[in-house]
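Working through the structure, step by step
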Amino acid sequence: MNVDELDTPSVVIDIDVMRRNLDRMASYCRKYNLQLRPHTKTHKIPELAWQQLRSGADGITVAKIGEAEVMAEAGIKDILLAYPIVSPQKAQRLARLAERAQLAVSIDSEESACAISIQAKEQGTSVGILIEIDVGFHRCGVANEQAAIALAEKVLSLPALKFLGLMFYPGHLLTTLEQRRTLIGPINLLLDKTMDTLKQKGIPVSVVSGGSTPTAYLSHEFHTLTEIRPGMYIFNDRNMVGAGVAQIHDCAAQVIVTVVSTAVSGRVITDGGSKTFSSDRFLAGDGRGFGLILEDHDAVFDAMSEEHGHLDITKSSRRYRLGERLTVIPNHVCSTINMHNEIYGISHRKVAQAWQVAARGRVT
Ligand SMILES: Cc1ncc(COP(=O)(O)O)c(C=O)c1O
């Protein structure tokens, strides 16, 4: 089937671009001796997680137990849940899953450590633990090296837990390259202090897990890192282009939409609104638009109803036809794919594959 025969709105993935993105990251990690543990929340598709593993990844990352369950069901054995688990229900599901897969989880509280320990002991399993440190994003993570050591000691004292090391997420480094480089300095200081103190206490650390897509190719500048967890790099998106970490030709995911109305002057309406793209903003430049229209960079995708994409074409000289198709690079690829039951792999405009987004909606 040709891509033009797909009904719209549809998410298509250029398989050749995706493979290039995967190979580039895997060879970077090989060069710097880093383990690669891609975050699969970007696609939520077990077949693509397997493709990442086959092309050089060492394990995967997930955000939700539901995602971990879907990936384990597909036979993936090495999973990091990079999300704090605090309730007994979730700790129990985690412990049950640890019977089928080698599981690790990042935590930033004693409550979390105790909840997981109780359930893993009851289940007769063991769960790997990474202590999350806040390196400046201020979302999760203990504040400093003393708090990290205290939590590591607590983990070591509890049954059915295996202390593995440290984890951090540098989410505040979605900046210019120059600012990213400057912000790595204080992170390195904190990592060095924490690792030194752990060493003095005789606590062995086998994993220091970091990384995101914007920082992925700077990972060798972070001290003590053993693995990285980029997610978006598999497809990239308009925000990654805006942050200067990808070019338009590195964007593997596109949304094909159809022009459904040209009746209002200065406006073009497509069939892709907020239930196709999510409402994520463009984080760079003037912040305008919900995606980039590849056929017309002068059109601004400036508003959305649930099922309508509103394009402002007052600055454009392009003539639009009712029923024609447009290609959009979404602002944020993870939340866009999460809107769709199925996405399509294409190569040279032929539809080569259909993938079920098997873990979409698995938010618990
Ligand atoms: C804990 C954690 N690790 C890794 C990632 C992946 O980073 P990115 O989305 O920049 O690829 C995320 C993304 O939100 C995350 O929250």
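Structure first, text after, so check above.
Notes on the structure follow. (Residues numbered from 1 in each chain as written. Predicted model: local features only at pLDDT ≥ 70, side-chain atom pairs only at ≥ 80, totals over all residues.)

We now examine the overall build of the chain. Scanning the chain from terminus to terminus reveals 10 helices and 17 strands. Radius of gyration (C-alpha) of the chain: 22 Å, near the 21 Å computed for a compact globule of 364 residues. Here the C-alpha coordinates of the chain stretch approximately 70 × 40 × 35 Å along the principal axes. Counting every position in the chain, which comprises 364 residues, the buried fraction comes to 46%. Counting only contacts in the chain whose residues sit at least 6 apart along the sequence, the fraction spanning at least 24 positions is 68%. (Helix = DSSP H or I, 4+ residues; strand = E, 2+ residues; numbered from the N terminus. Rg over C-alpha atoms; globule rule 2.2 N^0.38 Å. Buried ≥ 20, exposed ≤ 12 C-beta atoms within 10 Å, placed from the backbone. Contact = placed C-beta atoms within 7 Å.)

On the basis of which strands lie adjacent, the open sheet formed by 8 strands has the order β2-β9-β8-β7-β6-β5-β4-β3 and parallel pairing. Looking at strand neighbours, the two that pair on one side only are β2 (35–36) and β3 (60–62), the edges of this open sheet. Judged from the 2 bridges that link them, strand β8 (residues 207–210) and strand β9 (residues 227–228) form a sheet pairing that is parallel. Paired with glycine 210 across the bridge in β9 is isoleucine 228. On the sheet, helix α4 (residues 88–97) packs against β4 (78–81), β5 (102–107) and β6 (127–132) and is oriented at approximately 150 degrees with respect to β5. (Pairing = 2+ DSSP bridges. Axes fitted to C-alpha atoms, helices over the stretch in contact; angles between N-to-C directions.)

This brings us to the pairing of strand β14 (residues 309–312). Successive residues of a regular strand alternate their side chains across the two faces of the sheet. Side chains of β14 alternate between two faces, with Gly309 and Leu311 buried and His310 and Asp312 left unburied. Inspection of the sheet shows strand β11 (residues 267–270) paired to β14 by 4 bridges, in the antiparallel sense. Counterpart to valine 268 in the pairing with β14 is leucine 311. Here 4 bridges tie strand β13 (residues 300–304) to β14, and the two strands are oriented antiparallel to one another. Looking across to β14, one finds that valine 300 is bridged to aspartate 312. Counted between consecutive antiparallel strands, the loop separating β13 from β14 contains 4 residues.

Before going further, it helps to examine the environment of alanine 57. Within the element layout of this structure, alanine 57 appears in the loop between α2 (46–54) and β3. With 54 residues separating them along the chain, alanine 57 and glutamate 111 place their C-alpha atoms 32 Å apart. The residues touching alanine 57, leaving out its near neighbours within four places in the chain, are Ala26, Leu36, Arg37, Pro38 and Gln52.

This part is about helix α1 (residues 15–31). Under the 1.5 Å per step criterion, the end-to-end length of α1 is 24 Å for 17 residues, consistent within 8% with the ideal 24 Å. Every buried residue of α1 is accounted for by Val17, Met18, Asn21, Leu22, Met25 and Cys29. One side of α1 holds all its buried residues, which, seen down the axis, span an arc of 135 degrees. Exposed residues on α1 whose side chains face more than 90 degrees from its buried face are Asp23, Ser27, Arg30 and Lys31. The elements touched by buried residues of α1 are β1 (10–14), β2, α2 and β9. Residue asparagine 33 follows α1 closely and has a positive phi angle near 55 degrees. (Expected span 1.5 Å × (residues − 1). Arc of directions from axis to C-beta.)

If you check the shell around the ligand, you find His39, Thr61, Ala82, Tyr169, Ser212, Thr213, Pro214, Arg229, Pro230, Gly231 and Met232 and nothing else. Of the residues in the shell around the ligand, the class split is 5 nonpolar, 5 polar and 1 charged. (Near = placed C-beta within 6 Å. Nonpolar A, V, L, I, M, F, W, Y, C, P; charged D, E, K, R; others polar.)

Note that every value here comes from positions in space, so none of it alone points to a role or purpose.
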